[in-house]
Amino acid sequence: MAAMEANYDGLVGLTHNYGGLSAGNLASAHNVGQISRPREGALQGLSKMKRLYDAGLVQGILPPHERPFLPLLHEAGFAGSDAQIIENAARHAPALLQAVSSSAFMWAANAATISPSADTSDGRLHASTANLVTMLHRSIEGPQTERSLHAAFPDDNHFCIHAPLPMQESFGDEGAANHVRLCADHGDPGVEIFVHGRLAGFAPGLKFPARQTLQANQALARRHGLNMDRVVFAAQAQSTIEAGAFHNDVVCVGAKTCLFFHEYAFADTTQTLEAIRRAADRLFEPQFVQVNQDEVPLRDAITSYLFNSMLVEIPGEERLVLIAPAECRKTPSVAQYCDKLVAGNGPIGRVEFVDVRQSMRNGGGPACLRLRVVLSDAERAAANPDMLMSETLYAKLTDWVRRHYREQLAPADLVDPSLLAEGRRALDELTTILSLGSDFYPFQRA
Ligand code: SUG
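Since we're looking at a predicted model, the values are computed, not measured.

### Here's the deal with the pairing of strand β10 (residues 258-262)
Counting buried positions along β10 gives five out of five residues, so the element sits mostly inside the fold. By the alternation rule, side chains of β10 split into Cys258, Phe260 and His262 and Leu259 and Phe261, which are all buried. Relative to β10, strand β9 (residues 252-255) runs antiparallel, the two sharing four bridges. From the neighbouring strand, alanine 255 faces β10, where its bridge partner is cysteine 258. Counting the residues between successive antiparallel strands, the hairpin from β9 to β10 contains two residues, one of them, lysine 256, with a positive phi of roughly 50°. Sheet analysis places β10 next to strand β11 (residues 287-291), joined by five bridges and oriented parallel. Its bridge partner being in β11, phenylalanine 261 is matched across the sheet by glutamine 290.

### Topic: the site of the ligand
Lining the immediate environment of the ligand, one finds 21 residues, of which Leu21, Ser22, His137, Asp249 and Cys368 sit closest. Within the backbone of asparagine 17, one N or O atom sits 3.4 Å away from an oxygen atom of the ligand. Within the side chain of arginine 138, an N or O atom sits 2.9 Å from an oxygen atom of the ligand. Here the ligand, which alone exposes 480 Å², has 100% of that area covered by the protein. Counted by class, the shell around the ligand contains seven nonpolar, eleven polar and three charged residues.

### Considerations on the pattern of salt bridges
For the coordinates displayed, the defined rule picks out 27 salt bridges. When the shortest N-O distance is used, the salt bridge between arginine 198 and glutamate 169 registers 2.6 Å. Here arginine 198 is found in the loop between β7 (191-196) and α8 (214-223), whereas its partner glutamate 169 is found in the loop between β5 (159-162) and β6 (179-182), with 29 residues between them in sequence. Residue classification places arginine 198 among the buried positions, given a relative accessible area of 11%. A single network of salt bridges, built from pairs that share partners, joins Arg37, Arg39, Glu40 and Glu407.

Cut-offs applied
Residues numbered from 1 in each chain as written. Predicted model: local features only at pLDDT ≥ 70, side-chain atom pairs only at ≥ 80, totals over all residues. Heavy atoms only, no water. Buried < 20%, exposed > 50% of the residue type's maximum accessible area, 1.4 Å probe, protein only. Helix = DSSP H or I, 4+ residues; strand = E, 2+ residues; numbered from the N terminus. Pairing = 2+ DSSP bridges. Near = heavy atom within 4 Å. Polar contact = N/O pair within 3.5 Å; in protein donor to acceptor, adjacent residues only side chain to side chain. Areas by Shrake-Rupley, 256 points an atom, 1.4 Å probe, with all protein chains shown as cover. Nonpolar A, V, L, I, M, F, W, Y, C, P; charged D, E, K, R; others polar. Salt bridge = Lys/Arg side-chain N within 4 Å of Asp/Glu carboxyl O.

Next comes the structure, spelled out in structure tokens:
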């Protein structure tokens, strides 16, 4: 079946800030309290999207969520006018105000896990909204993400959008950041690799939380109706999580038949690669590009985010292209590795660097910002065209960002109630730009 891979990117939100909210995410911890630049961040995200659109790929947009998210403050007992709620939360529960003000929804790789229709038993594309239960500030994303997915993929004949798994740590699920699909061609049946950091209920007393459970992964594979012979469940190396790889996509990325990963990504590399080979039997020959510790130390891989690159097939190019963060150029071991990589005759033929620095400083590289969605021709036709990038939409969105986003934001600015009004005005207008209707956000329904 003819199919292509679209990228749906999360748009950076108006409250993008450095709250230091994600234990185990080294960049988030390192930059806590810094002044962020929401406008610059959103424009960086949009120009990455435009770059891929210009290269001939289908590019979708997932809209920002409303922040600060007052419904959670209501549930936590804050009452009164909106301004009073924010003022009281700032005084009595500042960590809660931080959490409900985060723009973390922009990392669309954590929005959902997608199984293309070529892999599923009912021939529909399945998308499971992630529950993101491990981190408070992310656990509020599910319902709005689910609405975005329904808006983007509206036809039940083609798409099946699942609600998040139960909101309990046994089902800890962080979406596609721990999921890789390999295939010969996008429209062919593929091998889906689900990576977990821990087992349900197992708390080994580590320094950093392992966010994805095996039980969540098994549930996802079951509800998507996957052929279990074509599924691989693999464990992340605990020491790699402890070194700062809070998601597998910090140390691994795959596309088509190629898996590009760090030597220390998996708990048992030999077993994982063997399981992938077995699952791919008679479909394709996997190409493993393993980066060894003596070429790129894990530490450099994590600070540069080499593996949080997008690995894409660009029309007209024979080999895959790695869309890497600009930071890779500044890390000598990584820069040297990239030169060597493209000089060889492996599956990756070119590395292109993009500037997503505002997102990187919170631990989100080019790959974190996008959700990959393989669409057959019929599904592409059924996807909502108003959420797909075009010259006109790019112009409208950059203008919208320039008019509504603050240039700078310090964590202390989150107590300013005008931020709420600014956000609502902006998102209200965005629902018109993206034709999302006038009841897309909870504040529009109040
Ligand atoms: O969940 N950062 C995000 C980064 C997510 C990156 N996604 C992938 N690897 N796919 C996280 O840790 C930081 C927010 C703050 O500290 O203000 C944050 O949530």
